Amino acid sequence: MAAVKKRLLIVWSSQTGRTLQLVEAACAGAAEFADEVDTVTMRALDAGLDALLAADGLIVATPENFGYLSGAVKDFLDRTYYPAEGRVDGLPYLMLVSAGNDGSGAVRALERIATGFRWKRVAEPLIVRGEPDPAAQAAARERGALLAAGIAFGTL
């Protein structure tokens, strides 16, 4: 009997394509553990409660819009918060931010919301200002691999 694979959910929003580049890099990192982990990427407006409840780990990828999360990511969080209350405690998560400013507002917002969800942050948020360069893409890839490995082997 085959072991049940773990699931890494990546919820993202991108208008310029910069955040999507970070998502693709994180997916490449997670792919290193494809035998143990299924990586599911969903646009924030398409993601819902079922996807969140099925996740063993979560990456939230957002552009910084007006010093905050994207509206689509905030919408996902709003739609799932009360229905998921008490059902996703301890979910390991990390954050990718494509910033035009300093990204701190988006990070603070998600950290506050994640506290309400009772998620567990497993890495410092990755804040990338401007176009993702090779170093930024490598950092996103490392975070994808870190989270996939952690949920695959039960260390997170």
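Relevant structure appears above.
Residues numbered from 1 in each chain as written. Predicted model: local features only at pLDDT ≥ 70, side-chain atom pairs only at ≥ 80, totals over all residues. Heavy atoms only, no water.

Asks: Even after reading the chapter, I still don't get the packing of aromatic side chains, so can you show me in this structure?
Replies: Each aromatic ring pair is specified by the distance between its two centres and by the angle formed by the two planes. Inspection of the entire model under this criterion finds five aromatic pairs. Seen in terms of ring centroids, Phe33 and Phe153 are 6.0 Å apart; in terms of plane orientation they differ by 80°. Their pairing is edge-to-face. Here the residue Phe33 occupies a position in the loop between helix H1 (18–30) and strand E2 (37–43), and Phe153 occupies one in the segment after helix H5 (134–152), the gap between them amounting to 120 residues. Plain terms: the ring middles of Tyr81 and Tyr82 are 4.9 Å apart, the flat faces sit at 85° to each other, and that makes the pair edge-to-face. (Phe/Tyr/Trp six-rings, centres within 6.5 Å; stacked < 30°, edge-to-face > 60°. Helix = DSSP H or I, 4+ residues; strand = E, 2+ residues; numbered from the N terminus.)

Asks: Would you mind showing me how to read the pairing of strand E3 (residues 57–63) here?
Replies: Both faces of the sheet carry side chains from a regular strand, because those side chains alternate between them. Of all seven residues that make up E3, seven are buried, and the element is covered over most of its length. Bridge analysis of strand E1 (residues 6–12) against E3 gives five bridges, and the strand direction is parallel. If you follow Ile10 over to E3, its bridge partner there is Ile59. As paired strands, E3 and strand E4 (residues 92–99) are joined by six bridges and run parallel to one another. Counterpart to Ile59 in the pairing with E4 is Leu94. (Buried < 20%, exposed > 50% of the residue type's maximum accessible area, 1.4 Å probe, protein only. Pairing = 2+ DSSP bridges.)

Asks: What am I meant to see in the pattern of salt bridges here?
Replies: Close approach of charged atoms lets side chains of opposite charge pair. Applying the stated criterion to the full structure yields eight salt bridges. Between Glu32 and Arg141 there is a salt bridge whose closest N-O contact spans 3.5 Å. With Glu32 in the loop between H1 and E2 and Arg141 in helix H5, this pair connects stretches of sequence that are 109 residues apart. Residue classification places Glu32 among the partly exposed residues on the basis of a relative accessible area of 49%. Note that Arg118 and Asp89 form a salt bridge whose closest N and O atoms lie 3.9 Å from each other. Of the two residues, Arg118 is situated in the loop between helix H4 (104–117) and strand E5 (120–121) and Asp89 in the loop between helix H3 (71–84) and E4; the sequence distance between them amounts to 29 residues. Its relative accessible area of 54% is what places Arg118 among the exposed residues. Residue Asp89 is classed as partly exposed on the basis of its relative accessible area, which comes to 42%. One continuous salt-bridge network, built from bridges that share partners, spans Glu111, Arg121 and Glu124. (Salt bridge = Lys/Arg side-chain N within 4 Å of Asp/Glu carboxyl O.)

Asks: Sorry if this is basic, but what is going on with H1 here?
Replies: Each α-helix winds once per 3.6 residues, and so residues spaced three or four apart point in a common direction. With 13 residues, H1 extends 19 Å between its outermost C-alpha atoms, agreeing within 8% with the 18 Å of an ideal straight helix rising 1.5 Å per residue. All of the buried residues in H1 are Thr19, Leu22, Val23, Ala25, Ala26, Gly29 and Ala30. In an axial view of H1, the angular spread of the buried residues amounts to 165°, which keeps them on one side of the axis. Here the buried face of H1 lies against E1, E2, E3, E4, strand E6 (126–129) and H5. (Expected span 1.5 Å × (residues − 1). Arc of directions from axis to C-beta. Contact = heavy atoms within 4.5 Å.)

Asks: Sorry, what's going on with H3 here?
Replies: Across its 14 residues, H3 extends 20 Å between first and last C-alpha, which sits within 8% of the 20 Å expected from 1.5 Å per residue. Those residues of H3 that sit buried are Ala72, Val73, Phe76, Leu77, Thr80 and Ala84. Viewed along the axis of H3, the buried residues span an arc of 130°, placing them on a single side of the element. Residues of H3 that are exposed and angled more than 90 degrees away from the buried face: Gly71 and Tyr82.

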